[in-house]
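As a plain string of letters, each chain reads:
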Amino acid sequence: MSAPMGPLSGLRVVELASEWTMYAGKLLADLGAETVLVEPPGGHATRAFEPFVDDEPGIERSLWFWHYNTSKLGVTIDRDSAEEMRALRELAATADVLLQGDVQFDIAPFARDELIVVSVTPFGLGGPRAGDPATDLTLLAGGGPVWSCGYDDHGLPPVRGGGNQALHIGGVHAVMATLVAVLHRNVTGRGQHVDVSMYAAANVTTEAATYEWLVARETVQRQTCRHASQFPTASSLAPDVGGRLLHTGVPPRTVKEFEGLLGWLHDLGLADEYPETFFLEMGRDRGGVHLSDLATDVEAREIFAAGRGALTFIASRMTDHDFYVEGQRRGLAVAVIAAPEEVMTDPHFVARGFPTPVEHEDLGRTFTYPGAPFHAPRSPWRIKSRAPHVGEHNEMLG
Amino acid sequence: MTEGPSARPTSHARPSNGDGPLSRIRVCDFSGQLAGAGATRYLAAFGAQVIRIEDPVRHGRWDILRGSPPFIDDRRGIDLGGAFQNHNVEKLGVTINLRTERGRDLVRRLVAISDVVAENFAAGVLARLGFPYEVLREIRPDVIYVSNSGLGHSGPYSSFKTWGPIVQAICGLSFTSGLPDLPPAGWGYSYMDHQGANMEAVAILAALVHRDRTGEGQWIDMSCTDAGASLLGPPVLDATVNGRGTRRPGMPHSNHSQSPVMVPHAIYPSAGDDCWVAIACRDDRDWCALTGVIGDARLHDTRFGTVAGRAAAQDELDGIVASWTRERDKFSTADAVLAVGVPAAPVRTPEERIDRDPATAAWGLWPEVEHAAMGRVRVDGLPVHLSESDWCIERGAPTLGADNDYVFGELLGCSASDRAALQEEGAI
């Protein structure tokens, strides 16, 4: 049997290059769609986004552009050239999906009953804010996520979560809706227009902040590295032996978790040294504690606090990674707070094949990229190729 | 509407979007919380018939959100949890006791008529309950079976326990969110429950497209930490290509913008208690426009004429911008900056973006549903509109076992006396 192909193989996507479309285009391309990125003759502006390979700027050297354009083909179109616009119309006539962002071509000439047109824009195509300028920062700040992120000290500004997540939230919704439209077309033969608002997407990606307001008219308040809440909760950060912060999770509540924590203290020879061991034994012997008891039951509160204290105490004796792996082996949901580069060398991610080699034959080098978001053996996600050079596939314009 | 359990509405055979684009799809849904339930919620909003299976012995509490806050009034109970209601709109609900042979038989019969089986138990739990992929494939050869777990079903840490903040800590998302010389701020909510659910929906929908073309089903192993780590491309490449990690002095600083470099770019104080405004100056054109609005002579320093010059004086510039924003209302600041074409936004509170924002209202982003026990409640809508086959969210989450009669009776053909016997035996 031949190697399985991506689930979207056989589909052709024409993407009119935009910062807003690139993540959606990458996902569709890595899932097997033949995705043609259409740029202006000098290349799209995102090719100037830092950082660059070896820190040398260059139109083929942006790591931002590399990441968001894997598996795509690249062509250039001069919008002022009637001949090139005719070539674009011919290309679009072969497309299943036309993906567009902030640079709006007049798509009317491309329209066919079976074409799926997907627009990814900051505020959608209509409405009171359509056309307002926006970035990842302003979308996350205006759209809700930032309200919930930051520090206990509200004299410090709230924080934007890192990594272009407004682009990812909007982009993944663009892909979900595109796939719905493809499944619809498989039955009806008809395409349609999909309008994606990144601002609306941020607004429905805030978990409790939204439904606490919708249901109970409560306003959550941000806290350091834990859930924003209308009730303050205790810190879940602790330093390891070298001062690196790790995540102690939710302290033990079940008998099994108290047994796991007590066993860990004993095995480390710390049960006598930790002053609150008695409370952990009490927690085990009384059958655990329930979070709902903490408000009214003083003993439960002491036991719960002793669990957090024990985890902090153990953390100070070992490295963050040892704490994470050993704690988890004992049934405690604790974690390392990994930097992205550490994820790429972590034995678990390596064993799952997450770090993904991508050949850059033009540079004579192979680089490691983030890998598949899920494993689908009969129709796998796969990076087919590095990002295209400017106009690398112009021959397909005929 | 009358009160009490007998007032449960008659089951609807179809979701509100009965003619929707996914109305040919039936989902046998073991998922819970948000990371799993959010994926099947999306399918239901487009017309898929999603049948949520819950445990009658523990009154559905294998999903800890059932019966948990927020509550709409003083009433408490398993049918009154606000988060569960938000995440399970447009689904049907049945109770099946998987510990009993009769219960497992009902699951087998349900799988036989389902296109998709979705679950997000800890890795391996559903297999131990008797339903590994190999068994489901025997029942339904083209079934799409999706397992969504914290660390996936392979690899040395696959048995580890996670929830949103633990996933985010492991995959790099917590570390990269914060200000320099401070602990990570992380995400103040389970961002990866949302994105895990979204990526699971992508996996299911893509697998349905594959099945339409080939007739093949498959088992999909989704790890939320893999999905999370896939959302940090540029910083990962800076490390793997240039050897420059994010664990370094002055980093992370996620209110600044390193990729691409934009300065000034931060969240600034505004007049009032805990009021803030975000401003992002993308390029030299934005810079000229912004200096015009702020009107502070210090900004005309020639050092600030280029991106590189501004980047070298970033903290100094932040101080000058903050001295302007601090005295002003966050809305008027954002309006003034937007008026000259520069991106800006007030940091909106939940109330400001839900109840006082014409943009979310115009989108129809907060649909109101009818819930059998809670009454009328608003919920999250979807951030997309499809011109031919849009989503529809009108029906609240199922109360526990609300659709037993429809699913076991009409779909599986159990007579009323069969169903009474099943209940008697504790199978449903």
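As a reminder, the structure under discussion sits directly above these lines.
Residues numbered from 1 in each chain as written. Chains lettered and ligands numbered in written order. Predicted model: local features only at pLDDT ≥ 70, side-chain atom pairs only at ≥ 80, totals over all residues.

Considering the sheet that holds strand β14 (residues 374-375) of chain A
At step 1: Pairing in this open sheet of 7 strands is mixed, and the strands run β14(A)-β6(B)-β5(B)-β4(B)-β1(B)-β2(B)-β3(B) from one edge to the other. Two strands bound the open sheet, and with one partner strand each, they are β14 of chain A together with β3 (92-95) of chain B.
At step 2: Pairing geometry for strand β4 (residues 116-119) of chain B and strand β5 (residues 144-149) of chain B, over 4 bridges, is parallel. Bridge pairing in β5 of chain B places Val117 of chain B opposite Tyr145 of chain B. (Pairing = 2+ DSSP bridges. Helix = DSSP H or I, 4+ residues; strand = E, 2+ residues; numbered from the N terminus.)

Things to note about the interface of chain A and chain B
At step 1: Taken residue by residue, the interface counts 127 residues in chain A and 136 residues in chain B.
At step 2: Residue contributions to the side of chain A that touches chain B peak at 15 residues, all from helix α5 (residues 165-188) of chain A.
At step 3: As defined by bridge partners, β14 of chain A adjoins strand β6 (residues 218-223) of chain B across 2 bridges and the pair is classed as antiparallel. Note that in β6 of chain B the partner of Phe374 of chain A across the bridge is Met222 of chain B. (Contact = placed C-beta atoms within 7 Å.)

Some points on the pairing of strand β5 (residues 116-121) of chain A
Two faces belong to every sheet, and in a regular strand the side chains alternate between them.
All names here are of chain A.
At step 1: With 6 of its 6 residues buried, β5 lies for the most part within the structure.
At step 2: A two-sided burial pattern is seen for β5, the buried positions comprising Ile116, Val118 and Val120 on one face and Val117, Ser119 and Thr121 on the other.
At step 3: As paired elements, strand β4 (residues 97-100) and β5 share 4 bridges and run parallel to each other. Note that in β5 the partner of Gln100 across the bridge is Ser119. (Buried ≥ 20, exposed ≤ 12 C-beta atoms within 10 Å, placed from the backbone.)

Points about the sheet that holds strand β10 (residues 276-280) of chain B
All names here are of chain B.
At step 1: Taken together, 3 strands build an open sheet; the order of strands is β9-β10-β11 and the sheet is antiparallel. Strand pairing shows two members of the sheet lacking a second neighbour, β9 (265-269) and β11 (344-346), which therefore form its edges. Pairwise comparison of adjacent strand axes, ignoring direction, gives a mean angle of 15° for this sheet.
At step 2: Bridge count for β9 against β10 is 5 bridges, and the pairing is antiparallel. By the bridge assignment for β10, His265 is matched with Ala280.
At step 3: Against the sheet, helix α12 (residues 314-325) engages β9 and β10, with an angle of about 40° to β9.
At step 4: The strands touched by helix α13 (residues 330-339) within the sheet are β10 and β11, with β11 carrying the most contacts at an inclination of about 165°. (Axes fitted to C-alpha atoms, helices over the stretch in contact; angles between N-to-C directions.)

Focus: the packing of helix α8 (residues 255-267) of chain A against helix α10 (residues 298-315) of chain A
Residue and element names in this part refer to chain A.
At step 1: Taken N-terminus to C-terminus, the directions of α8 and α10 make an angle of 35°; their axes are 11 Å apart at the nearest point. The two elements α8 and α10 cross, and the hand of that crossing is left-handed. Seen from α8, the contacting residues are Leu261, Trp264 and Leu265; seen from α10, they are Gly307, Ala310 and Ile314.
At step 2: Here the residues of the contact of α8 with α10 sort into 5 nonpolar, 1 polar and no charged. (Left-handed = near helix turned anticlockwise from the far one by under 90°. Nonpolar A, V, L, I, M, F, W, Y, C, P; charged D, E, K, R; others polar.)

With respect to α8 of chain A
All names here are of chain A.
At step 1: Given a rise of 1.5 Å per residue, 13 residues ought to cover 18 Å, and the 18 Å separating the end C-alpha atoms of α8 matches this to within 8%.
At step 2: Within the sequence span of α8, burial applies to Glu257, Phe258, Leu261, Leu262 and Trp264. All buried residues of α8 project into a common sector of 155° when viewed along the axis, lining one side. When the buried face of α8 is taken as reference, the exposed residues oriented beyond 90 degrees from it are His266 and Asp267.
At step 3: The inward-facing, buried residues of α8 abut α9 (277-285) and α10.
At step 4: At the C-terminal side of α8, Gly269 shows a positive phi close to 70°. (Expected span 1.5 Å × (residues − 1). Arc of directions from axis to C-beta.)

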